[in-house]
Number of protein chains: 2
Amino acid sequence: MPDRCVSKQTLQRLPAYLSYLRSMGAGRGKHVSATVIAEALGLNDVVVRKDLASVSSKGRPKVGYVRQELIRELEGFLGYDNSQDAVLVGAGKLGQALLAYRGFPQYGLNILAGFDDDPALSGKEIAGKKILPMEKLPDLCHRVGVHIGIITVPGEHAQRVCDQLIESGILAVWNFANAHLQVPEGILVQNENMAVSLALLSNHLKERFSTKGGAG
Amino acid sequence: MPDRCVSKQTLQRLPAYLSYLRSMGAGRGKHVSATVIAEALGLNDVVVRKDLASVSSKGRPKVGYVRQELIRELEGFLGYDNSQDAVLVGAGKLGQALLAYRGFPQYGLNILAGFDDDPALSGKEIAGKKILPMEKLPDLCHRVGVHIGIITVPGEHAQRVCDQLIESGILAVWNFANAHLQVPEGILVQNENMAVSLALLSNHLKERFSTKGGAG
């Protein structure tokens, strides 16, 4: 029985393995080895071997893993086979883009609905997902047992929304807002700050050009 | 003259200040202080004061900053006032969602076009942005002087695409793919891995429920 508790580093690499395995054509044979995966992804094969061993005990020397089996084990380990319901708060541009994004189900995420304080948005549908007023949030979350909350409101509202989500039973927050959220122990905040990413990219270019002495 | 070279930590907080300042109504007065910003965002006000001083030298004791002035200084510092052109490679679900996302211009990002190897996508338009075949990438990048490349291809193609972007003159890569990219010195890779985020969220829930002894 493999150890089901893995390091954050391993956990961060597993989705890449899964994505690669899913993408391999049937013509590549039934088996796949850590070496093949390591080569394809530019990783050290000792690392890949160790990562896979923590997820599956079915690897065999010289043969490797049965690909479909390893896919299922990775999916199970990552929770992709057991779809998690989520709610999204803030149905502005980013919120609507996420509501409309059709790629989440393959990662086991199912956004049930969007919530927004703006009465103009209430009742609207984005890609078949309803936008509801905030006062309906606690009821839906408690009734369905939703544990993931996605925050796409402006930064200055994010803490208030986060508090509301936690009161509604949310245990894991995916935060796209420009804000440092404070949460009680046992609640996870995963930050996905595109504004920060863009600031880092832009700053890198600025530094590159200032050392080169011109923007060309 | 403030020091224009700031820490990554400061750089990561600046977008939140800007977002908050932009959101403040005109009714809140002409001035704003570090204390007010710190309180709104749940940060330590010594930290905010120091961050702002690295961007603007115009803060005055007891009065603070002229809000509009500080907004312009932050925009300038973050490069939001000087739009950067970008290309996106991989016009699948995520790529199309990013092409359609209307929030980037306020962060100084302008996606010129999407690129994809799939002939079925070639010539298609997403929110007014063309999807072009990969062979047109180098020409467009060199001609327009594009320095930001966004990667939204499956992980196993990401390194190849990254190499092509760098050959085309890209200096900063915004990587949404499930892959560890290897780049020459002087090239920045900013990773935005939603699959990893979702794996971390899902793993957190699994741990929560296993310690509680059940998924309810």
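Further up the page is the structure itself.
Residues numbered from 1 in each chain as written. Chains lettered and ligands numbered in written order. Predicted model: local features only at pLDDT ≥ 70, side-chain atom pairs only at ≥ 80, totals over all residues. Heavy atoms only, no water.

**Topic: the overall build of chain A**
Secondary structure assignment for chain A yields eight helices and nine strands. Along the first, second and third principal axes, the C-alpha set of chain A runs to 60 × 60 × 35 Å. Considering only intrachain contacts with a sequence separation of at least 6, the fraction spanning at least 24 residues in chain A is 56%. Surface summary for chain A: the accessible area is close to 9,900 Å², and the carbon and sulfur share equals 50%. Taking the average place of the 24 positive charges on the side chains of chain A and the average place of its 21 negative ones, the gap between the two points comes to 10 Å. (Helix = DSSP H or I, 4+ residues; strand = E, 2+ residues; numbered from the N terminus. Contact = heavy atoms within 4.5 Å. Areas by Shrake-Rupley, 256 points an atom, 1.4 Å probe, with all protein chains shown as cover. Lys, Arg positive; Asp, Glu negative; His and termini not counted. Charge placed at Lys NZ, Arg CZ, Asp CG, Glu CD.)

**Observations regarding the interface of chain A and chain B**
Each partner contributes to the interface: chain A provides 60 residues, whereas chain B provides 60 residues. Approximately 5,700 Å² of surface area, both sides summed, lies buried where chain A meets chain B, with 67% of it carried by carbon and sulfur atoms. Applying the counting criterion to the chain A and chain B interface returns zero salt bridges. Our count for the chain A to chain B interface comes out at 22 residue pairs in polar contact (both at pLDDT 80 or more). Counting residues per element, the ones that place at least two in the side of chain A that touches chain B are α1 (8-23), α4 (67-78), α5 (93-100), α7 (155-167), β8 (172-175), β9 (188-191) and α8 (194-212) of chain A. Across the side of chain A that touches chain B, the residue classes break down as 32 nonpolar, 20 polar and eight charged. (Buried area = accessible area lost by both parts, 1.4 Å probe. Salt bridge = Lys/Arg side-chain N within 4 Å of Asp/Glu carboxyl O. Polar contact = N/O pair within 3.5 Å; in protein donor to acceptor, adjacent residues only side chain to side chain. Nonpolar A, V, L, I, M, F, W, Y, C, P; charged D, E, K, R; others polar.)

**A few points about unusual backbone geometry**
Although it is not a glycine, K62 of chain A adopts a positive phi angle of roughly 70°. Mapped onto the fold, K62 of chain A is located in the loop between α3 (45-53) and β2 (65-66). The backbone phi angle of A127 of chain B is positive, close to 50°, even though this residue is not glycine. As for its position among the elements, A127 of chain B is in the loop between β5 (125-126) and β6 (129-132). Here A127 of chain B falls in the partly exposed class, since its relative accessible area comes to 41%. (Buried < 20%, exposed > 50% of the residue type's maximum accessible area, 1.4 Å probe, protein only.)

**A few points about the state of the cysteines**
All names here are of chain B. The full count for this structure, using the stated rule, is zero disulfides over all chains. Here C141 stays unpaired: no disulfide links it, and the sulfur of C162, its closest cysteine neighbor, is 12 Å away. Given a relative accessible area of 0%, C162 falls into the buried group. (Disulfide = S-S within 2.5 Å.)

**Some details on the nonpolar core**
Generally speaking, soluble globular proteins have nonpolar side chains that are buried together. Among the nonpolar cores identified, the biggest contains 154 residues, and I37 and I151 of chain A together with I37 and I151 of chain B are the most heavily contacted of them. Contacts of I37 of chain A, omitting those with residues within four sequence positions, involve Y17, Y20, L21, V32, V48, L52 and L70 of chain A. (Core = buried A, V, L, I, M, F, W, Y, C linked by side-chain atoms within 4.5 Å.)

**A short note on the side chain of E156 of chain B**
Within the secondary structure, E156 of chain B is located in helix α7 (residues 155-167). Buried charge E156 of chain B goes without a salt bridge, the closest partner of opposite sign being R160 of chain B at 8.4 Å. Here S23 of chain A takes part through its side chain, which lies 2.6 Å from a polar atom of the side chain of E156 of chain B. Residues contacting E156 of chain B, with those up to four places away along its chain left out, are S19, Y20, S23 and L41 of chain A.

**A look at the pairing of strand β4 (residues 109-115) of chain A**
All names here are of chain A. Counting buried residues along β4, five of its seven residues qualify, which places the element largely inside the surrounding structure. Alignment of strand β3 (residues 84-89) against β4, held across six bridges, turns out to be parallel. Of the residues in β4, the one forming a bridge with D85 is N110. Viewed along the sheet, the connection from β3 through α5 into β4 turns out right-handed. The pairing of β4 with strand β6 (residues 129-132) spans two bridges and is classified as parallel. Counted as the bridge partner of F115 is L132 from β6. (Pairing = 2+ DSSP bridges. Right-handed = clockwise from strand over helix to strand, strands pointing away.)

**Considerations on the packing of aromatic side chains**
Within the structure shown, the criterion is met by eight aromatic pairs over all chains. With a centroid separation of 4.7 Å and 85° between ring planes, the pair formed by Y101 of chain B and F104 of chain B is classed as edge-to-face. Geometrically, the ring pair formed by W174 of chain B and F176 of chain B is tilted, given 4.9 Å between the ring centres and 55° between the ring planes. Accessibility classification places W174 of chain B together with F176 of chain B in one group, the buried group. Grouping aromatic residues by their ring pairs yields a cluster made of Y101, F104, W174 and F176 of chain A. In this structure, K206 of chain A is placed above the aromatic ring of F77 of chain B, and the distance from its NZ or CZ to the ring centre is 4.2 Å. (Phe/Tyr/Trp six-rings, centres within 6.5 Å; stacked < 30°, edge-to-face > 60°. Lys NZ or Arg CZ within 6 Å of the ring centre and 35° of its normal.)

**Some points on the sheet that holds β6 of chain A**
Residue and element names in this part refer to chain A. In space, the seven strands of this open sheet follow the order β5-β6-β4-β3-β7-β8-β9, with mixed pairing throughout. Strands at the two margins of the open sheet, each flanked by one partner only, are β5 (125-126) and β9. Contacts between α5 and the sheet are confined to β3, β4, β5, β6 and β7 (148-151), with β4 contributing the most and set at about 140° to the helix. Strand contacts of helix α6 (residues 137-144): β3 and β4, with the helix running at about 175° to β3, the strand carrying the most contacts. (Axes fitted to C-alpha atoms, helices over the stretch in contact; angles between N-to-C directions.)

**Brief notes about the pattern of salt bridges**
All names here are of chain B. All told, the structure shown has ten salt bridges over all chains when counted by the stated rule. The closest approach of N and O atoms between D45 and R49, which form a salt bridge, is 3.2 Å. With D45 and R49 both in helix α3 (residues 45-53), this residue pair falls four residues apart, about one helical turn. The partner of D117 in a salt bridge is R160, and the shortest N-O contact between them spans 3.9 Å.

**Considering the relation of the copies chain A and chain B**
For the pair of chain copies, the relating operation is a rotation around an axis with a shift along it. Once chain A is rotated about the relating axis by 180° and shifted along it by 0.0 Å, it coincides with chain B to within an RMSD of 0.0 Å. The two molecules are tied by a two-fold rotation axis, judged by turn and shift. Considering only C-alpha atoms, the part of chain A nearest the rotation axis is A97 of chain A, at 2.9 Å. Take the interface residues of chain A: 100% of them recur as interface residues in chain B, which is what a same-surface contact looks like. (Least-squares fit on C-alpha atoms with pLDDT ≥ 70 in both.)

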